[in-house]
Amino acid sequence: MSEITNIVTPIRLDYTYTAGHATQRFLLGMAEGRILGQRCPECAKVYVPPRGACPKCGVPTTDEVEVTGKGTVTTFCIVRIPSDVLSVPPPFTCAHVLLDGADLPFFALIQECDFDAVRMGMRVEAVWAPKAELAATFESIRYFRPIDEPDAPYETYKEHL
Amino acid sequence: MPSRDVAIVGFAQSASVRREASRNEVEMLMPILQEAKRQAGLRGRDIGVTVSGSCDYLAGQPFAFVSALDAVGAWPPIVESHVEMDGAWALYEAWVKLQTGEADSALVYAFGKSSMGDLPEVLTIQLDPYTTAPLWPDAVSLAALQARAYLEKTGTSERDLAEVAFRSRRAAAANPKAQVRTSADAETLLATPYLVSPLRAHDCPPISDGCAAIVLACGDAVKKSAMTPVWIRGIDHRIEAHALGVRDLTTSPSTKLAGEKAGVGKGRVDLAELHAPFTHQELILREALGLGAGVDVNPSGGALAANPMMVAGLVRIGEAAARLAGGAGKRAVAHATSGPCLQQNLVCVLERD
Ligand SMILES: [Zn+2]
């Protein structure tokens, strides 16, 4: 009698994800080429993308705030293996970008510069998809690229690392 | 024996709905947490410990419970814990923490959005992964196995089951948070087709999205409450074997034992909230807890009228407490279940001064 060492039990479950009111506002903004966040009524922090709550204060964030596509690289890494989800060939740079006026950095791809030229404090701006291709998705921002501004001082983003 | 008296000083729940179409879990929870804290007279920073109950399989996302913390206000860091179970077990953990004296108040919350997946199939994943889950028995089919065994052994009729459904749904008419709030009479219910024989649709719970929160307090923290405090006089939970084949599905020895340990029989029971998602389970639980005809069972309508997963057990404790606080009685029993066919059971005895 042979010993059973392995069994395969396929499992597949499908889900319909609910973005929620706040994230839905953000995604609809993406379709218009706008970046919408929300401000906490208690601590005044601005969350982009918004989740509808301030995780610090535990209160609803009801005030909508629009920010521009300009921001600062707070931290980054260089990816040298191919990505399943990103169509960019390696090596490429992933970064956290803190948009001006926002208090929450988010994940971004940095392009239009050498991958090893990216640095903390580097000023960048969003590059949007062509107007006809804008949709309710984060991918409406294709990537971020450097802008001709002096690097942001460390003090301006040290709270967001 | 508990060394500290713990009171329920706040309870809030969302309406149970088939599908929360636009709000995510955090957005559902926030007003409920605010309301429970308001009743308790406590602000976020006053809360000594926070414990939540939920299941990542409902959301289909790992660590979904972590993002729900956004609703609490968790920075600077708070004392916090989570159970991958119904919120009733989160309440048990919070109660234990209060017994240690390390906290004087606790916020307990639970949430579940079953509508995001196929609930009966999601529940299959909790079964033994080698010999049972690969066969994909869904939750309703397993309950039907139990119902068949129960009817055969006890001589209970399908009509008796329909009467349970009728009474639960009728009671739910007075509960604005419930989901199924009307019912045809038992005769008409019996004329409907089987869902999984011997169970018809009315024998099974609705699929619900919802959330709830309870605030616990001891000592001076109780005095701030706007709600009449309701004391936890006893609380215990017990578990049976995971493999269905080794259990007698027609009785609930774990409920019986938990009921004894919690002290159900030490006094008159005015009302009981039993977490019985299926009609025959209410009858099994009544017997296990020794609840006679004089006990008002599931005045809220129970899980047959609203069954948000991971929430409905905590709601039983909250409903029982709210009814005592409102003057509906002096002493109540609340029960929560988890797992297939009443595998795990928690019993809580509540009293008003
Ligand atoms: Zn805040």
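One can find the structure itself at the top, above this paragraph.
Novice: How would you summarise the overall build of chain A if you had to cite specific residues and measurements?
Specialist: What chain A contains, in helices and strands, is 1 helix and 10 strands. Overall, chain A shows an N-to-C arrangement of helices and strands of α-β-β-β-β-β-β-β-β-β-β. Expected size for 161 residues packed as a compact globule is a radius of gyration near 15 Å; at 19 Å, chain A overshoots this value by more than 25%. Each principal axis of the C-alpha atoms in chain A carries an extent, and together these give about 70 × 40 × 35 Å. Across the 161 residues in chain A, those meeting the buried criterion constitute 39%. For chain A, long-range pairs separated by at least 24 residues make up 53% of all intrachain contacts whose partners lie at least 6 apart in sequence. Accessible area of chain A: about 9,400 Å², with a carbon and sulfur share of 53%. Across chain A, the 15 positively charged side chains and the 21 negatively charged ones have centroids separated by 4 Å.

Novice: Just give me the short version of the overall build of chain B, but keep the residues and values in it.
Specialist: Helix and strand content of chain B: 11 helices and 12 strands. For chain B, whose C-alpha radius of gyration is 19 Å, the value lies close to the compact-globule estimate of 20 Å for 353 residues. In terms of its C-alpha atoms, chain B occupies a principal-axis envelope of roughly 55 × 45 × 40 Å. Residues counted as buried form 60% of the 353 residues belonging to chain B. Taking contacts inside chain B between residues at least 6 apart in sequence as the whole, the part at least 24 apart equals 79%. Total accessible area computed for chain B in this model is approximately 13,300 Å², and 54% of it derives from carbon and sulfur atoms. Side-chain charges in chain B split into 34 positive and 39 negative, and the spacing between the mean points of these groups amounts to 6 Å.

Novice: I'd like a description of the coordination of the zinc ion, backed by residues and values.
Specialist: All names here are of chain A. Protein-derived ligands of the zinc ion are C40 (SG), C43 (SG), C54 (SG) and C57 (SG), with the metal-ligand distances lying across 2.2 to 2.3 Å. Each of the 4 donor atoms bound to the zinc ion contributes to angles spanning 107 to 114°, and the resulting shape is tetrahedral. The buried category is assigned to C54, whose relative accessible area is 0%.

Novice: Could you give an account of the pairing of strand β6 (residues 70-79) of chain A, naming the residues involved and the relevant values?
Specialist: Residue and element names in this part refer to chain A. One ladder, built from 3 bridges, connects β6 with strand β9 (residues 123-128); its direction is antiparallel. Residue pairing across strands places T72 opposite R123, the latter belonging to β9. Examined bridge by bridge, β6 and strand β7 (residues 92-99) share 8 bridges and lie antiparallel to one another. Its bridge partner lying in β7, T75 is registered against H96.

Novice: Would you mind going over the packing of helix α9 (residues 253-262) of chain B against helix α10 (residues 279-289) of chain B in detail, with residue names and values included?
Specialist: Residue and element names in this part refer to chain B. Put simply, α9 and α10 touch, their axes get as near as 8 Å, and they point 40° apart. Overall, the two elements α9 and α10 adopt an arrangement that is oblique. α9 and α10 meet at a crossing whose hand is right-handed. Facing α9, whose interface residues are T255, K256 and G259, α10 presents L285, A288 and L289. Looking at the contact of α9 with α10, its residues break down into 3 nonpolar, 2 polar and 1 charged.

Novice: Describe the sheet that holds strand β7 (residues 209-217) of chain B, with residues and values.
Specialist: Residue and element names in this part refer to chain B. Ordered in space as β3-β2-β4-β7-β1-β8-β12-β11-β9-β10, the 10 strands form an open sheet in which the pairing is mixed. Each end of this open sheet is capped by a strand with a single partner; those strands are β3 (80-83) and β10 (296-297). Here strand β1 (residues 6-13) runs beside strand β8 (residues 230-239); their pairing, made up of 3 bridges, is antiparallel. Residue pairing for β8: I8 is matched across the bridge by V230. Seen against the sheet, α9 touches β8, β11 (331-338) and β12 (344-352) and runs at an angle of roughly 145° to β8.

Novice: Account for the interface of chain B and chain A, naming residues and giving values.
Specialist: With 35 residues of chain B at the contact, the number on the chain A side is 25 residues. Taken over both partners, the interface formed by chain B and chain A buries close to 2,100 Å², and the fraction arising from carbon and sulfur atoms is 56%. Ionic pairing is found between R51 of chain A and D70 of chain B, a salt bridge with its closest N-O pair at 3.0 Å. Counting across the interface, chain B meets chain A through 12 residue pairs in polar contact (both at pLDDT 80 or more). Those elements giving two or more residues to the side of chain B that touches chain A turn out to be α1 (25-40), α2 (56-59), α3 (64-68) and α5 (119-122) of chain B. Among the elements that take part in the side of chain B that touches chain A, α1 of chain B stands out by supplying 4 residues, more than any other. A breakdown of the residues in the side of chain B that touches chain A according to their chemical character gives 18 nonpolar, 8 polar and 9 charged.

Novice: With reference to specific residues and values, describe the pairing of strand β8 (residues 106-110) of chain A.
Specialist: Most of β8 of chain A is tucked away: 4 of the 5 residues are buried. Following β7 of chain A, the chain reverses through 6 residues before pairing antiparallel with β8 of chain A; G101 of chain A in that reversal takes a positive phi of roughly 90°.

Novice: Mind laying out the nonpolar core, listing which residues take part and the relevant values?
Specialist: Looking at soluble globular proteins, one finds that nonpolar side chains tend to be buried together. All names here are of chain B. If you look at the biggest cluster of nonpolar residues, it comprises 41 residues, and the most contacted ones within it are I8, L91, L216, I232, I317 and L350. Every residue in contact with I232, bar those within four places of it in the chain, is listed here: V6, I8, L91, W95, L216, C348, V349 and L350. Of all hydrophobic cores here, the second largest spans 29 residues; its members include A12, V26, M28 and C211.

Quick notes on the rules
Residues numbered from 1 in each chain as written. Chains lettered and ligands numbered in written order. Predicted model: local features only at pLDDT ≥ 70, side-chain atom pairs only at ≥ 80, totals over all residues. Heavy atoms only, no water. Helix = DSSP H or I, 4+ residues; strand = E, 2+ residues; numbered from the N terminus. Rg over C-alpha atoms; globule rule 2.2 N^0.38 Å. Buried < 20%, exposed > 50% of the residue type's maximum accessible area, 1.4 Å probe, protein only. Contact = heavy atoms within 4.5 Å. Areas by Shrake-Rupley, 256 points an atom, 1.4 Å probe, with all protein chains shown as cover. Lys, Arg positive; Asp, Glu negative; His and termini not counted. Charge placed at Lys NZ, Arg CZ, Asp CG, Glu CD. Donors = N, O, S within 2.8 Å, 3.2 Å for Na, K, Ca; no water. Tetrahedral: all angles 85-135°; square planar, octahedral: opposite > 155°, others 65-115°. Pairing = 2+ DSSP bridges. Axes fitted to C-alpha atoms, helices over the stretch in contact; angles between N-to-C directions. Parallel < 35°, antiparallel > 145°, perpendicular 65-115°, else oblique. Left-handed = near helix turned anticlockwise from the far one by under 90°. Nonpolar A, V, L, I, M, F, W, Y, C, P; charged D, E, K, R; others polar. Buried area = accessible area lost by both parts, 1.4 Å probe. Salt bridge = Lys/Arg side-chain N within 4 Å of Asp/Glu carboxyl O. Polar contact = N/O pair within 3.5 Å; in protein donor to acceptor, adjacent residues only side chain to side chain. Core = buried A, V, L, I, M, F, W, Y, C linked by side-chain atoms within 4.5 Å.

No statement about biological role is implied by the geometric values presented.
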